Amino acid sequence: MLSNVTDLKASPVTTLSFENTEIAFRHATNFELKRAYWLFRIINVNFLVKIGPPVTNFAVKIGLPVKGIIKSTIFKHFCGGETIAECDNTIKKLYAGGVGTILDYSIEGEDDESVFDNTRDEIIRTIVRASGDKAVPITVFKVTGVGRFSLLEKLDEGLELTIIEQEEWQKVHARVLAICEKAYKTGIPVMIDAEETWIQKTIDLLALNMMSRFNKQKAIVYNTYQMYRHDKLESIKQDYSQAVAGSFILGAKIVRGAYMEKERKRAEEKGYPSPIQPNKEATDIDYNNALRFCIDHVDGIAIVAGTHNEDSCRLLADLLNEKHVDPKNPHIYFSQLLGMSDNLSFNLANANYNVAKYVPYGPIKAVLPYLFRRAQENTAIAGQMSRELGLIVKEKKRREG
């Protein structure tokens, strides 16, 4: 098991400021800055965000020429391209600012075995692309990208599988194993994304199984912990105990979460206690306590702090300083989404911390659900859009002199 990762030679730390828009938007041309300004202005209008998805889906369905408009606007801002090769410019641009790329093949809602095999192969291609390139330090996938949602749901409920379903589950397991084996052989970490609570138990068990196989010397496989769930801080602690007992490193991507409204609605409809925290403050407290716990055990836990929250980013940077942990420690990464919170990503990178952006890619039609979710989530985050807009306006004024 890897030990004494805190004993690495310390890297110099630059003063950290999230207000420096020159650093935050250095990668953006004046045209790109203007596009971002108008895009966030539109996203800020809830009415447009609500009517946008059905109108756009209808237009795509009947063959109206809207793909070009989507690709040059919202797709261009939040996605790297339709293929791995098309992401190359984004990868280079991010890395010029010290920010790595997490290639995220954003295909959702498929239900076909051949599609699952193709997705497995595509995830493996992202790992191959990352191999030997410091600009792509981490990879990611969703288990529902390589297996049927309703099968995972049945497993979570503890229901007996038919013989055909057992064979189907073996194929899902084999796909996940193939991805993790490739990650292990190339030395490229791979994160398993979190999903809905009613399939998450199966995903958690699968992730821990892969960690026990491949995380003996280095953190290769990461599971994702959604801290808007009131039980997830305890899950991290329990999983760490299991990692210690099994002599492997726990890989933990820590996020606030992405399915809150859906979770609350389902709990209410089915009459079970909501798994979601009572309020945002409780989520923030658990998120920050998870960071504290992980840094207290940084030799045995590798984390990717996926957050757009400035306070949590500041806290993690302060914890590393207090505990004398090298900001370039391979067990610590900050992460944000492409097209959002550049003031965090690029200023953290400038201060010598490990940072990587999620860069979604895939065919436009297939990635539309991801794009609409981003827009809808953004409008639900109090102050997030006005913050983004304010920073863009500040940088525009700075450039205009």
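Note: the structure precedes this text.
Engineer: Please explain the overall build of the chain as it appears in this structure.
Structural biologist: Per the secondary structure count, the chain includes 17 helices and eight strands. Taking all 401 residues of the chain together, 55% fall into the buried category. Contacts in the chain between residues far apart in sequence, at least 24 positions, make up 78% of those at least 6 positions apart. Carbon and sulfur atoms provide 54% of the accessible area of the chain, an area that totals close to 18,100 Å².

Engineer: What is the right way to look at the side chain of E195 in this model?
Structural biologist: Residue placement: E195 occurs in the loop between β3 (190-192) and α10 (197-214). Lacking a salt bridge, the buried E195 has K142 as its closest oppositely charged neighbour, with an N-O distance of 4.8 Å. Of note is the side chain of E195, whose polar atom sits 2.5 Å from the side chain of T144. Discounting residues that sit within four places of it in the chain, E195 has contacts with K142, V143, T144, Q200, I203, Q226 and Y259.

Engineer: Could you clarify how one ought to interpret helix α6 (residues 88-96) in this entry?
Structural biologist: Residues lying three or four places apart along an α-helix face the same way, a consequence of the helix completing one turn every 3.6 residues. Along α6, the residues that are buried comprise T90, I91 and L94. Summarising the axial view, the buried residues of α6 lie within an arc of 100 degrees, below the 170-degree limit, and thus occupy one face. With respect to the buried face of α6, the exposed residues turned more than 90 degrees away are N89, K92 and A96. Looking at the packing, one finds that the buried side of α6 touches β1 (100-105), α7 (113-130), α15 (342-350) and β8 (355-361). G98 occupies a position one or two residues after α6 and carries a positive phi of about 80 degrees.

Engineer: I tried to follow the packing of aromatic side chains on my own but got confused; where do I start?
Structural biologist: In this description, a pair of aromatic rings is defined by centroid distance and the angle of the planes. A full pass over the atoms with the stated rule returns six aromatic pairs. Between F149 and W198 the ring centres are 6.4 Å apart and the planes differ by 65 degrees, which places this aromatic pair in the edge-to-face class. One end of the pair, F149, is in helix α8 (residues 149-156); the other, W198, is in helix α10, and 49 residues separate them in sequence. What makes F149 partly exposed here is its relative accessible area of 27%. Look at W198 and you get buried, because its relative accessible area is 14%. Between the aromatic rings of Y184 and F214, the centroid separation amounts to 5.4 Å while the plane-to-plane angle is 45 degrees, which identifies the pairing as tilted. One end of the pair, Y184, is in helix α9 (residues 163-186); the other, F214, is in helix α10, with 30 residues separating them in the sequence. Lying over the aromatic face of W198, R266 brings its terminal NZ or CZ to 4.1 Å of the ring centre. The ring of Y37 has K396 lying over it, and the distance from NZ or CZ to the ring centre is 4.3 Å.

Engineer: Would you explain the pattern of salt bridges in this entry?
Structural biologist: It is possible for side chains of opposite charge to pair when their charged atoms get near one another. A full pass over the atoms with the stated rule returns 24 salt bridges. A salt bridge links R129 to D88, with the shortest nitrogen-to-oxygen separation between them at 3.2 Å. Here D88 lies in helix α6 and R129 lies in helix α7, a separation of 41 residues in the sequence. Classification of R129 by relative accessible area gives partly exposed; the value is 22%. Each of the salt bridges in this network shares a partner with another, and the network as a whole consists of E113, D117, R120, D121 and R175.

Engineer: Even after reading the chapter, I still don't get the environment of Q166, so can you show me in this structure?
Structural biologist: Mapped onto the elements, Q166 comes out in helix α9. Once the C-alpha coordinates of Q166 and L151 are considered, the two residues, 15 residues apart in sequence, prove to be 9.5 Å apart.

Engineer: What is the right way to look at the pairing of strand β6 (residues 301-306) in this model?
Structural biologist: In regular strands, side chains alternate between the two faces of the sheet. Burial analysis of β6 places six of its six residues in the buried class, the great majority of the element. Side-chain alternation along β6 places I301, I303 and A305 on one buried face and A302, V304 and G306 on a second face that is also buried. Bridge count between strand β5 (residues 250-255) and β6: five bridges; the pairing is parallel. Looking at the pairing, K253 lines up with V304 of β6. Relative to strand β7 (residues 332-337), β6 is paired through four bridges, and the arrangement is parallel. Across the sheet, the residue bridging to A305 is F334, located in β7. The parallel pair β6 and β7 is bridged by helix α14 (residues 310-322), and the resulting crossover is right-handed.

Engineer: Would you mind going over the environment of P189 with me for this structure?
Structural biologist: Summarising the element assignment, P189 is placed in the loop between α9 and β3. Owing to a relative accessible area of 12%, P189 belongs among the buried residues under this scheme. Counting along the chain gives 29 residues from P189 to K218, while the straight-line C-alpha distance between them is 8.8 Å. Discounting chain neighbours no more than four positions away, the residues touching P189 are P137, I138, T139, A219, I220 and Y222.

Engineer: Whenever I open this one, the pairing of β1 confuses me. Can you help?
Structural biologist: Of all six residues in β1, five are buried, a share of seventy percent or more. Across six bridges, β1 lies against β8 in parallel orientation. Bridge pairing in β8 places Y105 opposite Y361. Where β1 lies against strand β2 (residues 138-141), two bridges are found, and the strand directions are parallel. Residue pairing across strands places I102 opposite I138, the latter belonging to β2.

Reading the values: rules and limits
Residues numbered from 1 in each chain as written. Predicted model: local features only at pLDDT ≥ 70, side-chain atom pairs only at ≥ 80, totals over all residues. Heavy atoms only, no water. Helix = DSSP H or I, 4+ residues; strand = E, 2+ residues; numbered from the N terminus. Buried < 20%, exposed > 50% of the residue type's maximum accessible area, 1.4 Å probe, protein only. Contact = heavy atoms within 4.5 Å. Areas by Shrake-Rupley, 256 points an atom, 1.4 Å probe, with all protein chains shown as cover. Lys, Arg positive; Asp, Glu negative; His and termini not counted. Salt bridge = Lys/Arg side-chain N within 4 Å of Asp/Glu carboxyl O. Polar contact = N/O pair within 3.5 Å; in protein donor to acceptor, adjacent residues only side chain to side chain. Arc of directions from axis to C-beta. Phe/Tyr/Trp six-rings, centres within 6.5 Å; stacked < 30°, edge-to-face > 60°. Lys NZ or Arg CZ within 6 Å of the ring centre and 35° of its normal. Pairing = 2+ DSSP bridges. Right-handed = clockwise from strand over helix to strand, strands pointing away.

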